[in-house]
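Remarks on the overall topology
Residues per chain are reported as follows:
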Amino acid sequence: MGLRVALFDPEEDIELLLSDIFGVTGHELLTINKEEDIKRVVSQDIKLFILPFSHVKNWVELLREKVLIPVFIVKDESEEERLLKAGFNELNILRIPFNPLELLEKLGALDKLSVENFKELGFINTILKSFLEKRGLNLKVFSEKGECCFKTYPLILRCERDKLREILSAVYSLEDYDGDVKGNEERLSALLDYLLQEREVVWKSEEKRGEAVEDFILLFWEEEYKGVFRKNVYFLDLDGFYILVNLCPSKVLRKLVRGLKERGIGFKDVKLILLSDFDTECAEILRRIYASNPNVITVGRERLKFYLENLGLRNVKFRAVEDIPTSLIKIPTGYSIRLFPITPYPGFPSVVYLLEERNALFTGRFLGNFNGEEEELKKIFHTAYFPCEEFLKKNLSLFKELSEDIKVFPWYGKPYKLNNTVKMLSEMDYPKEYPVDGEIVLTLLNRIFMLLDDEERENFIANLRGTVEVEEGIPSNLYASPNLVYEMSIKALLNSVRDKEKFFGILKELSRYPFYIPSPEM
């Protein structure tokens, strides 16, 4: 059965973008053009409501009579930021221009996810789902600003509203709370109206929009998976010639936009984008950059060009590393960027960039780390993500002659001094290798199962998102390619185990298995 979705479209322009795609996919779109018709239309069997952010009050007022899960059409970063700081997440945000198929994916997730999927739903959606399902959970929301225990249905907070708003203003997390939550019941519409009140956003020093790690580098990052991972975006100012190195995740984009705005700079001023590695989340960020700056040049491996074209990014001014003479980019302000094409593992091309005059090396996953600089963590990281010894050592040989004073700025993990990292990784002991296949991945999954307790095992299965068949508590079949399941299993572990040390211990155990991962298909 298809989705039934209400759309409030006072400008009568969004319906034109959505009517055809809703029709051919079997969903129903009920369009409202006048405020006085909203209550009449949404009184039908509807749970999902698309509306402009400027009419958020209409949705809040409806909550007194009917619970609807909203998707807000936002026009700029400030509206998006306001929603996120009120406890919504990306599923509730529609930024114009948008891909109608991506909107349908968001609506499908909001419709299908149950209240138990609170980590994916986020704070507000979890509460809305609880009211729709009439089931309550005891949860804890926490960030660097503090924590607050609450019950979702009936809605009860064990903290002041001001404290909750402060917690939500930072990057927050949700988890189960074992204790009772007692107190006075909150009115849903009143709480959400309060959280959405317009207010000045104060950026504290610990909420950095950009950290000046060098006099010419601004670093923007987002920590993921309980702080185990972090992804970095670097903004280089080479005497007025502006460069972005790497892209995504989307949360970094907001920090980047605001951080550059503080300095009187925007995407329109960027001259060059250097991509070492890439994933699908980066495509939307690249699309936004080209919407405001169609002249920026993007550099990456040749294979990436075809990948971008398949994602509909045919207007990107792309230069393949393979087509750049002498593997050197000369910057008009007198700087030189040396290119090192590498293959982290079979069939997966990447590139490392060396800013020669500044001894700065920019990498993708290669030479990356978990969110820490310890040697043991670097070894585990490279064993997990680059487990083919032949390719690892071949790539490392390219950097043996570099000065140990060079600073590495990886896509994954904290920047660090190169020092003896190349030597350390070159001397790692690897068992005999063979390509990963379905049977090997099933063996690894069963080994993981043995190292988890019952609750962690259930979470692990849920986080694999249906890519593995489990019979009588044992993984028995794969529904996706072995390399995809392997990468998903690493991330599923991060969302399943109770602490970082256990995660690292399991990865260390897995590293004893001899295998390498062929390239994921693009």
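The rules behind the values
- Residues numbered from 1 in each chain as written.
- Predicted model: local features only at pLDDT ≥ 70, side-chain atom pairs only at ≥ 80, totals over all residues.
- Heavy atoms only, no water.
- Pairing = 2+ DSSP bridges.
- Helix = DSSP H or I, 4+ residues; strand = E, 2+ residues; numbered from the N terminus.
- Axes fitted to C-alpha atoms, helices over the stretch in contact; angles between N-to-C directions.
- Phe/Tyr/Trp six-rings, centres within 6.5 Å; stacked < 30°, edge-to-face > 60°.
- Buried < 20%, exposed > 50% of the residue type's maximum accessible area, 1.4 Å probe, protein only.
- pLDDT = per-residue confidence, 0-100.
- Contact = heavy atoms within 4.5 Å.

1. Concerning the sheet that holds strand β15 (residues 297-300)
In a beta sheet, neighbouring strands pair by backbone hydrogen bonds and run either parallel or antiparallel. One open sheet accounts for seven strands, arranged β10-β11-β12-β13-β14-β15-β16; its pairing is mixed. Each edge of the sheet is formed by a strand with only one pairing partner; in this case those strands are β10 (211-214) and β16 (317-320). Between one strand axis and the next, the sheet turns by 25° as a mean value, whatever way the strands run. In this sheet, strand β11 (residues 217-224) lies alongside β10 in antiparallel orientation, the contact comprising three bridges. Across the sheet, alanine 212 pairs through a bridge with leucine 218, a residue of β11.

2. Focus: the packing of aromatic side chains
Applying the stated criterion across every chain, the model contains 19 aromatic pairs. Summarising the aromatic geometry, the rings of tyrosine 234 and phenylalanine 409 are spaced 5.5 Å apart at their centres and angled 80° between planes, so their arrangement reads as edge-to-face. Taken as a pair, tyrosine 234 in strand β12 (residues 229-238) and phenylalanine 409 in strand β21 (residues 407-409) lie far apart in primary sequence, 175 residues in all. For the pair formed by tyrosine 234 and phenylalanine 409, the shared burial category is buried.

3. Some thoughts on the confidence of the model for the protein
Per-residue confidence for the protein averages 84 on the pLDDT scale, and 92% of its residues sit at or above 70. Note that residues 200-207 has pLDDT below 50 and, in this model, twelve contacts with residues that lie over four places away or in other chains. Scored below 50 in pLDDT, residues 518-522 makes 18 contacts in the model with residues more than four places away or belonging to other chains.

4. Comments concerning the environment of glutamate 120
With respect to the helices, strands and loops of the structure, glutamate 120 is situated in helix α6 (residues 118-133). When the C-alpha atoms of glutamate 120 and leucine 328 are compared, they prove to be 43 Å apart, with 208 residues separating the residues in sequence. Apart from the residues lying within four places of it in its own chain, the contact partners of glutamate 120 are Asn89, Leu91, Leu113 and Arg465.

5. Notes on unusual backbone geometry
Along the chain, tyrosine 153 connects to proline 154 via a cis peptide bond; the corresponding omega equals -5°. Along the chain, proline 154 turns up in the loop between β7 (146-152) and β8 (155-157). We note that lysine 134 has phi near 55°; this positive angle belongs to a residue other than glycine. Within the secondary structure layout, lysine 134 lies in the loop between α6 and β6 (138-143). On the accessibility criterion, lysine 134 (58% relative accessible area) is exposed. Despite not being glycine, leucine 367 shows a phi value in the positive range, around 60°. Looking at the secondary structure, you find leucine 367 in the loop between β20 (360-362) and α12 (375-385).

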